[in-house]
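# Topology and contacts: notes
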Amino acid sequence: MQIFTCPFCGPREETEFHFAAEAGKHRPEPAEEVSDADWADYLYLNDAPKGAAREVWVHATCGEFFVMTRDTVTREITDVTALPGRDG
Amino acid sequence: MTRYSAFSLLREGLRSHRGWRPAWRKARPKPAYDAIIIGGGGHGLATAYYLAKNHGMSRVAVLERGWIGGGNTGRNTTAVRSNYFYPESVALYDLALRLYEGLSQELNYNVMLSQRGMLIAAHTPAQMEICARIANAMRLNGVDGELMGAEEALRRIPLLNQTADARYKCMGGIWQGRAGVARHDAVAWGYARGASDRGVDIIENCAVERLLIEGGRITGVETSLGTIRADRVGVAAAGATPGIVAEAGVRLPIHTYALQAFVSEPVKPCLDTVLLYLGTGTYVSQSDKGEMVFGGGLDRVPTHAQKGNLPAQEVVISGLLEMFPAFGQLKLLRQWAGVVDVVPDSSPVIGPVGPEGLFINCGWGTGGFKAIPAGGWLLAHLMAKGQHHEISRPFDLDRFARGRLIDEAAGAGISH
């Protein structure tokens, strides 16, 4: 069992958390000008990085989303940050 | 190549087995090939075999960073089946199953295919209705599938939990009689032997460092053993595929997760089908040696490490014990994990990507082993002809922009 740290609730068991998406994706706007390819890119395409990764996770227990920086091979977590506009 | 037969076994038996030769050549890379395949798992080796056999291409190299069949081909639970829902999927997976049915003869290598049948077990009237729908879809798509009732299911699998306090009682489910298991290592080794015999170079311990691209087309690969040129490159590297094609500016709809599997100590025969329980998500079969081979859902943390985590183990093992309380006495022999490439619609991605001459066969997620012969057949077709086989066309990467997803999340039977 790995311990993840929620920026709001502190250290909790990994089963309380859910992976949401890779960080840094921005929804393309305005919708009427977005091509099918750009929309598919936003919706589906990933980097699936081996090693350093920045990801958006949700702490299912408190419902807050946050950014977790971790290594996808060693599982080491180097940083958790609240999303902009939210203070931990 | 020595042909394997009862006679060759007898002859070698009479001379203390001194005459056996390695089944495939250990090759060193040549400077150039007509085609390079990255990934020496089942899909990559099958691609090489069919390139040589179906398309007469023998100047082909298979590059494997470790040892052949050491990735997901050696880490799965060996089930083969084609009980999917959509016509596109059934065409794909049943091509694989039909090729599996003739594979031992085709390769002169015993892949120990055992078509012992598979039950996807349901527990509620609503689940039984979905099962009926899938079984009917299978029949409409021309493969064998039937709705099995509880009585027949319990006759076939008498050890199933039938106690009054069972959390998930078996009401029956979908039965596919042609499904079963095959020896996973033998599939890799058989294809390697067949490909090597037709002139394909199988190069192990050769990591691809980057793709070489000039003027919008692929010209070769840079590897740990030097530069190798080819104007056609196929990638069949499961979870490593996104990292390899990133060089070419290609992004894929893939997340990589660890999928774990387990074997128990061997016991006498007590389970002669493959069983998937919808309630627990655990699937199990008994190997020829008597071990219970089982697995379940994905670990929930994206990873590239070939090791699993404890919460997923607890879910899978407790699921097995709910299904078969008697197995609580078994000891676990081994547990391991592979890195699987999961796509949002649970269907593979096959087709050309990025620069001219680059092709991929990935995204099989948790179900790549059953598809090995088809994956190889279709990637070989793509690489030889430069265009899709009609069966692989719907699985092109362009389906995401076209909105033509083939959502097999339910048909695949596993929650991923």
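For the structure itself, look to the data block above.
The numbering scheme is per chain: residues are counted from 1 as the chain's sequence reads. Just so you know, chain letters begin at A and ligand numbers begin at 1, following the order they were written in. Residues qualify for local features only when their pLDDT is at least 70, as the model is predicted, and side-chain atom pairs are given and counted only at 80 or more; totals for whole chains, interfaces and linings, by contrast, use all residues.

### Side note on the overall build of chain B
When helices and strands are tallied, chain B shows 11 helices and 19 strands. Based on C-alpha atoms, the radius of gyration is set beside the globule rule, defined as 2.2 Å times the residue count to the power 0.38. Scaling as 2.2 N^0.38, a compact globule of 416 residues should have a C-alpha radius of gyration of about 22 Å, and chain B matches this with 21 Å. With respect to the three principal axes, the spread of C-alpha positions in chain B is 70 × 60 × 40 Å. Each residue is classed by its C-beta neighbour count within 10 Å, where at least 20 other C-beta atoms makes it buried, 12 or fewer makes it exposed, and intermediate counts make it partly exposed; the C-beta atoms are placed from backbone geometry. Looking at chain B residue by residue over its 416 residues, the buried ones come to 54%. Here contacts are defined at the residue level, using C-beta atoms placed from the backbone and a cut-off of 7 Å between them. Taking the intrachain contacts of chain B between residues at least 6 apart in sequence as the baseline, contacts between residues at least 24 apart amount to 76%. Each helix corresponds to a stretch of at least 4 residues labelled H or I by DSSP, and each strand to a stretch of at least 2 residues labelled E; elements are numbered beginning at the N terminus.

### A few points about the sheet that holds strand β18 (residues 349–352) of chain B
In a beta sheet, neighbouring strands are held together by backbone hydrogen bonds and run either parallel or antiparallel to one another. Residue and element names in this part refer to chain B. Two strands pair under a simple rule: DSSP has to find at least two bridges between them. Strand order in the open sheet made by the 6 strands is β8-β2-β1-β12-β19-β18, with mixed pairing throughout. This sheet does not close on itself; its edge strands, each paired only once, are β8 (201–203) and β18. Ignoring strand direction, the axes of neighbouring strands in this sheet form an average angle of 15 degrees. Sheet topology places strand β1 (residues 35–38) next to strand β12 (residues 233–235); 3 bridges connect them, and they run parallel. Helix axes are fitted only over the stretch in contact, all axes being lines through C-alpha atoms; the angle between N-to-C directions runs from 0 to 180 degrees.

### Observations regarding the packing of helix α2 (residues 42–55) of chain B against helix α10 (residues 372–385) of chain B
All names here are of chain B. Relative orientation of the contacting elements α2 and α10 amounts to 55 degrees, with a least axis distance of 7 Å. It follows from the interaxial angle that α2 and α10 lie oblique. In this structure, α2 crosses over α10, and the sense of that crossing is right-handed. Here α2 contributes G42, H43, A46, T47, Y49, Y50, L51, N54 and H55 to the contact with α10, which in turn contributes I372, P373, G375, G376, W377, L379, A380, M383 and A384. Gly falls in the polar group here, along with every residue not listed as nonpolar (Ala, Val, Leu, Ile, Met, Phe, Trp, Tyr, Cys, Pro) or charged (Asp, Glu, Lys, Arg). Residues belonging to the contact of α2 with α10 are distributed by class as follows: 11 nonpolar, 7 polar and no charged. Note that the term roughly parallel is reserved for angles under 35 degrees, roughly antiparallel for angles over 145, roughly perpendicular for angles of 65 to 115, and oblique for everything else. Two helices crossing with the near one rotated counterclockwise from the far one by less than a right angle form a left-handed crossing, whereas a clockwise rotation gives a right-handed crossing.

### As for the sheet that holds strand β4 (residues 118–122) of chain B
Residues and elements named next belong to chain B. Strand order in the open sheet made by the 8 strands is β5-β6-β4-β14-β15-β16-β13-β17, with mixed pairing throughout. The outermost strands of the open sheet, each flanked by one partner alone, are β5 (146–149) and β17 (332–342). Across the sheet, the mean angle from the axis of one strand to that of its neighbour is 25 degrees, orientation sign disregarded. Examined bridge by bridge, strand β13 (residues 255–264) and β17 share 10 bridges and lie antiparallel to one another. Bridge assignment links T256 to a residue of β17, and that residue is D341. Helix α5 (residues 125–140) rests against β4, β5 and β6 (172–176) of the sheet, and its axis sits at about 20 degrees to β6.

### Things to note about α10(B)
Spacing of three or four residues puts side chains on the same side of an α-helix, whose turn is 3.6 residues. Residues and elements named next belong to chain B. Here a helix's expected span is defined as the number of its residues, less one, multiplied by 1.5 Å. With 14 residues, α10 should reach 20 Å at 1.5 Å per residue; the first-to-last C-alpha distance of 20 Å fits that figure. Taken across its 14 residues, α10 has 12 buried, putting it largely inside the fold. Every buried residue belonging to α10 is among I372, P373, A374, G375, G376, W377, L378, L379, A380, H381, L382 and M383, and all of these are buried. Among the residues trailing α10, G386 stands out with phi positive, at a value near 75 degrees.

### A look at the pairing of strand β19 (residues 358–362) of chain B
Residue and element names in this part refer to chain B. The buried count for β19 comes to 5 of 5 residues, which makes it a mostly enclosed element. Side chains of β19 alternate between two faces, with L358, I360 and C362 and F359 and N361 buried alike. Pairing between β12 and β19: 3 bridges, direction parallel. If you follow G234 over to β19, its bridge partner there is F359. The pairing of β18 with β19 spans 4 bridges and is antiparallel. Directly across from V349, in β19, lies its bridge partner C362. What sits between β18 and β19 in their antiparallel hairpin is a turn of 5 residues, with G354 showing a positive phi close to 60 degrees.

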